[in-house]
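What the coordinates show
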Amino acid sequence: MIVEERNIMEESSNRGEFQASLAKLSSLRSGGSFKSTLSGRSSPRNNSPSFRRLNSNRTPRKEGRTLGGFLLFRSNRVLLWLLLITLWAYLGIFFQSRWAHIDKKEEFSGFGTGPRNTGVDADPSLRRDLIASDDSLSVNNETVRNKGGIGRTINVALAKKESDDEVPSRRKASPKKKSRRSSKGKARGKKKPPIVEIKNNDIEEQEPEIPQTNSTYGLLVGPFGSTEDRILEWSPQKRSGTCNRKGDFARLVWSRRFILIFHELSMTGAPLSMLELATELLSCGATISAVALSRKGGLMSELSRRRIKVLEDKADQSFKTAMKADLVIAGSAVCASWIEQYIERFPAGASQVAWWVMENRREYFDRSKGVLHRVKMLVFLSESQSKQWQKWCEEENIKLRYQPAIVPLSVNDELAFVAGIPSTLNTPSFSTDKMIEKRQLLRESVRKEMGLTDNDMLVISLSSINPGKGQLLLLESASSVVEHEQLQDDKKMKKLSNIKEGLSTRTRRHRMRKLLPLLKDGKVALKDTSNNSLSRRKQLLANNKATMQQSLKVLIGSVGSKSNKVDYVKSLLSFLEQHPNTSKSVLWTPATTQVASLYSAADVYAINSQGLGETFGRVTIEAMAFGLPVLGTDSGGTKEIVENNVTGLLHPIGRAAGNDVLAQNLLYLLKNQLARKQMGIEGRKKVERMYLKQHMYKKFVEVIVRCMRSK
C-alpha cells in the first residue's frame, strides 16, 4: 500500500510538471508575458492571458493548436492580399504601358502590338502598324487597273512622327510616370490617335510623278504572293532558314551584339543583302539592332516579320548602341556620313567597323573617301569592284588599314528551297524533288495569269528603273527583235498567200483538164484529185502558225520602287508609245520581296547594267539558281559570274556597241530552246558550287575574326 501511494504521488508530481511546461509553452506561443528573474525562472502574471487559460476548461495542447493555427491563417491571409495587390499593380502598369506604347509607336519602330502583314496578297486581317518618317500622308483605296482587267488596291496611311532632334533629348519615362500621364490624359478626355494601318506593305510607295495606270504602255501583272503561298504550301514563318550551329560562323557570332546600318529600306540589292545578313545573325544567336538612314522603301514590314529591331534614332541612340556592340556592319557607301559622326563621337569604335561597300561608281567613292582609311576593314562583292576602289584610293593617296576582303553575295535559303536546291528549309515532306514539282505548278499558274503560252519566251529584268540598269536599251533591243519577227511573219504570210494562190490556179487547171473529157462523154461525176495537195497545205499552215506563235515577251520591274528615276521611267513610256508593237510585248510588275514566282515563270534573265557594270548582281545568281540563262553586259561583276556561251551570253555596254549584239542574243535564244535549257543547267551547277549561303558565310568568318572585339 505504501509503495502504491508513493507511485501515485510520483505520477501526479510528474503530471503536474508536464502540465506546467505545457502551460509555459502555450503562454509563449500566444504571446503571453513573462517576468524573468536573475535565476532564470519565470512566473506568469495574474492578469496575463496564459494565467487565465491555465484555469480554463481547455487543455493547453488544444488551446495552443487552435490559437497558433488562427495566427498562421491570419498571417497567410495578409501575405495573400499583398501578393494580389502586387499582381494587380503589375497588370495595371503593363496594360497602361502598352496603351502608352500604342500612342507612341515611333519609340521602337517595327514592333507593333497587332498582327503583322506579311505580304502584298496576305489575308486582310493580318495587318501591322507602321510608322513612316515623313509627315502625314494618305492614299486611300486607290485601285490600279490595267488593260487585262487585273487590279490591286493600295491603302496607305503614314503617321506624323516626332522630329529627330526631339528623340535623343527625351528620356524614357518610368512605368509610374507613364501611368500617371495616361490617367491624366483619360481624365481630361483626350482621345487616343487612331491606329495607323497599312495594306500592301510589300509594295514600295509609288512616286506621284510615275503614272499608276498602264493603259498606254503594257500590262501590269503581279505580285503573285498569294499564288506562291498557295502552291508552295508554306507560311511566312517557314521562310527563314535555320543556322548551322556546327559552323564557324555560328560559333563566332553566338551571344555577340551587332548593329547593322541600312542606307535605305528599298527592295534593292544592298538593303536586301543586309536583311539576309541580319536574319542569319539572329538565327545564330546574336543580338541584332538595325539603323535605317532613310525610311523610304517597303522593307519595314519584312524587318518586323523577321523580328529585327530598328532603332528609331539614327544619331545619339544609334551611336550609344554601336559603342556597346561587338561589331558594326555598314551596308553601303552612303553610310559614310554616319560612320564619320560615329568615329568622331567614339574614336576607338573605328576598330569595330566593317564597311560592306556595294556600289561601284566614282560619285560613291568621292562621298566616302574621307573615312575609308579610318575603318577597320572594307568588304567588296567582286574582284573587279575591289580593284577599282583600290585604284581610286591610290589616285587619292589613301592608305587602307587592311587589305580589303571579298565576300560575294549568295542565294538565300528561301529561293534555293523553291528552286529545288538543298537548303535548311527542306523536310521529308518538302524534299528537293517535291519542290521542283511545285515550282513547275507555280510556273504554269503564274504564266496563265500573265496571259502567256508555252511558245512565249519571257525575258525578265528585276531592279530599280534608272539609267545605270539600262532598261531603255533593253527595250530598244527587244523592239528590233519584235520588228524583225513582225517583218519575217509578213514575208511568210505573203509567201504563203502566193503559194495558196498558185495551188488554187494549178488545181483549177488540173480539174478543167480532167473535166473536159467527162463533159464530152456526158458524165457528170467529179473526182477531187487534189486531196494530197490540200493536206500538204494544211500541214504548212499549221507549221507556220506554230512558228508565228513563238514570240518575245519582256517583263520589267520594279514599278513603284523609291529608287526609280522618274524622268527615266517617263522616257521608257515615251519610247513604248512610239512603238506600239513592242508595247504589246512588254509587261510590268511592282516591287516585291516574293520573286520566286517571277523567276519560275521566266525563260531568260537580262541584266543590262551600264557604265562600270554591275557590282555583283544578286539577281544574276538567283536567276541562275532557277535554271535561267543570263544575258548580261561584259563588264563589272557580271562577267565574273556569267560565262559566255556556257551559262549565258554577254554583250558590250552602250547603245552603239551593245544593242545590236543584245538583239542578236535575244533572237538566238528565241530560236534555240535547247540552248536555253543547257545554259540554265550549267548556271544552276555554278550556283550550287559557289553561291549558296554556306559559301558566303564561310568568307564572312575572316571579316568577323579580324574586326570583332574579343571577349
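For the structure given in this document, a descriptive report is provided here. Just so it is clear, the model here is predicted, and its values are computed rather than measured. (Residues numbered from 1 in each chain as written. Predicted model: local features only at pLDDT ≥ 70, side-chain atom pairs only at ≥ 80, totals over all residues. Heavy atoms only, no water.)

1. Re the overall build of the chain
- Scanning the chain from N- to C-terminus turns up 25 helices and 19 strands.
- The buried share of the chain, reckoned over its 711 residues, is 46%.
- Sequence-distant contacts, at least 24 apart, represent 75% of the contacts inside the chain between residues at least 6 apart.
- In the form shown here, the chain has an accessible surface area of approximately 37400 Å², with 53% of it arising from carbon and sulfur atoms. (Helix = DSSP H or I, 4+ residues; strand = E, 2+ residues; numbered from the N terminus. Buried < 20%, exposed > 50% of the residue type's maximum accessible area, 1.4 Å probe, protein only. Contact = heavy atoms within 4.5 Å. Areas by Shrake-Rupley, 256 points an atom, 1.4 Å probe, with all protein chains shown as cover.)

2. Considerations on the packing of helix H10 (residues 316-324) against helix H11 (residues 336-345)
- Axis separation between H10 and H11 bottoms out at 10 Å; the angle between their running directions is 65°. Considered as vectors, H10 and H11 are oriented roughly perpendicular to each other. In the packing of H10 onto H11, the handedness of the crossing is right-handed. Taking contact as the criterion, the partners of Asp316, Ser318, Phe319, Lys320, Ala322 and Met323 in H10 are, on H11, Trp338, Gln341, Tyr342 and Arg345. (Axes fitted to C-alpha atoms, helices over the stretch in contact; angles between N-to-C directions. Parallel < 35°, antiparallel > 145°, perpendicular 65-115°, else oblique. Left-handed = near helix turned anticlockwise from the far one by under 90°.)

3. Regarding the sheet that holds strand E17 (residues 604-607)
- The seven strands lie next to each other as E6-E16-E15-E14-E17-E18-E19, forming an open sheet whose pairing is parallel. The open sheet has two free edges, formed respectively by strand E6 (219-220) and strand E19 (648-651), since each of these has just one partner strand.
- Contacting strand E14 (456-462), strand E15 (551-559), E17, strand E18 (630-633) and E19, helix H23 (residues 655-671) crosses the sheet at an angle of about 165° to E19. (Pairing = 2+ DSSP bridges.)

4. As for a nonpolar patch on the surface
- On the surface, Val78, Leu79, Leu82 and Leu83 cluster together into a nonpolar patch covering about 380 Å² of accessible area.
- Its place among the elements puts Val78 in helix H3 (residues 60-103).
- Overall, the relative accessible area of 48% leaves Val78 in the partly exposed class. (Patch = residues over 30% accessible without salt bridge, like charges linked within 9 Å, V, L, I, M, F, W, Y side chains within 5 Å. Salt bridge = Lys/Arg side-chain N within 4 Å of Asp/Glu carboxyl O.)

5. Quick notes on helix H18 (residues 566-578)
- An ideal rise of 1.5 Å per residue puts 18 Å on 13 residues; H18 measures up with 19 Å between its terminal C-alpha atoms.
- When we look at burial in H18, the residues that qualify are Val566, Tyr568, Val569, Leu572, Leu573, Phe575 and Leu576. (Expected span 1.5 Å × (residues − 1).)

6. Let's talk about the nonpolar core
- Membership of the largest hydrophobic core comes to 92 residues, with the highest contact counts inside it found for Phe258, Trp356, Met450, Tyr599 and Phe700.
- Of all the elements, helix H25 (residues 693-707) adds the most residues to this core, at seven residues.
- Counting only domains with at least three residues in this core, you end up with domain 1 (248-410) and domain 2 (416-485 + 549-691).
- Sequence-distant contacts of Phe700, that is, excluding residues within four places in its chain, are made with Phe249, Leu277, Ile329, Trp356 and Val407.
- With 32 residues, the next largest nonpolar core counts Leu311, Phe319, Val328 and Phe365 among its residues. (Core = buried A, V, L, I, M, F, W, Y, C linked by side-chain atoms within 4.5 Å. Domains from an automatic or database assignment.)

7. What about the state of the cysteines?
- Inspection of the entire model under this criterion finds one disulfide.
- A disulfide bridge connects Cys243 with Cys284, and the sulfur atoms are separated by 1.9 Å. Between Cys243 and Cys284, the S-S torsion sits near 95°, and that sign places the bridge as right-handed. Pair noted here: Cys243 is in the loop between helix H6 (225-232) and helix H7 (248-253) and Cys284 is in the loop between helix H8 (269-283) and strand E8 (287-292), with a separation of 41 residues, a long-range link. The burial state of Cys243 is the same as that of Cys284; both residues are buried. (Disulfide = S-S within 2.5 Å.)

8. With respect to the packing of aromatic side chains
- In total, this model carries 14 aromatic pairs according to the counting rule given.
- With a centroid separation of 5.2 Å and 15° between ring planes, the pair formed by Trp338 and Tyr342 is classed as stacked. Of this pair, Trp338 and Tyr342 both sit in helix H11, separated by four residues, roughly a single helical turn. Side by side, Trp338 and Tyr342 carry an identical accessibility label, which is buried.
- Put simply, the rings of Phe319, Trp338, Tyr342 and Phe346 touch in pairs and so form one group of aromatic residues. (Phe/Tyr/Trp six-rings, centres within 6.5 Å; stacked < 30°, edge-to-face > 60°.)

9. Section: the pattern of salt bridges
- For the structure shown, the criterion picks out 26 salt bridges.
- Glu702 is the salt-bridge partner of Arg706, the closest N and O atoms lying 3.0 Å from each other. Of this pair, Arg706 and Glu702 are both found in helix H25, four residues apart, which corresponds to roughly one turn of the helix.
- Salt bridges sharing partners connect three or more residues here, namely Glu276, Glu302, Arg305, Arg306, Arg618 and Glu622.

10. With respect to the side chain of His263
- Checked against the element boundaries, His263 lands in the loop between strand E7 (257-262) and H8.
- For His263, a relative accessible area of 15% corresponds to the buried category.

11. Looking at helix H24 (residues 673-690)
- When the terminal C-alpha atoms of H24 are compared, their 26 Å separation across 18 residues agrees well with the 26 Å that a helix rising 1.5 Å per residue should span.
- Every buried residue of H24 is accounted for by Ala675, Arg676, Met679, Gly680, Gly683, Arg684, Lys686 and Val687. The buried residues of H24 occupy one face: seen down the axis, they fall within an arc of 165°. Looking at H24, the residues exposed on the side facing more than 90 degrees away from the buried face are Leu674 and Lys677. (Arc of directions from axis to C-beta.)

12. Examining the environment of Leu612
- As for its position among the elements, Leu612 is in the loop between E17 and helix H21 (618-625).
- Sequence separation between Leu612 and Ser384 is 228 residues, and the spatial gap between their C-alpha atoms is 9.3 Å.
- The residues contacting Leu612, other than those within four sequence positions of it, are Asn360, Gln388, Trp392, Ser635 and Gly636.

13. Brief notes about unusual backbone geometry
- A cis geometry characterises the amide bond from Gly222 onward to Pro223, with omega recorded as -5°.
- Structurally, Pro223 is set in the loop between E6 and H6.
- Between Gly557 and the following residue, Ser558, the backbone shows a cis peptide bond with an omega angle of 20°.
- Here Ser558 lies in strand E15.
- Residues other than glycine seldom take positive phi values, yet Arg307 does so here, at roughly 60°.
- With respect to the secondary-structure elements, Arg307 resides in the loop between helix H9 (300-305) and strand E9 (309-311).
- By relative accessible area, which is 53% here, Arg307 ends up exposed.
- Its identity is not glycine, yet Asn645 carries a phi of approximately 65°, on the positive side.

14. Details of the pairing of E18
- Across the two faces of E18 the burial is the same, with Val630 and Gly632 and Leu631 and Thr633 all buried.
- Two elements, E17 and E18, share three bridges in a ladder whose sense is parallel. Bridged to Ala606 within E18 is Leu631.
- Taking the sense of rotation as the criterion, the β-α-β connection linking E17, H21 and E18 turns out right-handed. (Right-handed = clockwise from strand over helix to strand, strands pointing away.)

15. A word on the side chain of Ser479
- Relative to the helices and strands, Ser479 is located in helix H16 (residues 471-520).
- On the basis of relative accessibility, which here comes to 4%, the residue Ser479 falls in the buried class.
- In this structure the side chain of Ser479 is engaged in a polar contact, spanning 2.9 Å, whose partner is the side chain of Thr582.
- Those residues in contact with Ser479, other than ones at most four positions away along the chain, are Phe575, His579 and Thr582. (Polar contact = N/O pair within 3.5 Å; in protein donor to acceptor, adjacent residues only side chain to side chain.)

16. Considering the environment of Met274
- Along the chain, Met274 falls in helix H8.
- Linking Met274 and Ala330, residues 56 residues apart in sequence, is a C-alpha distance of 8.7 Å.

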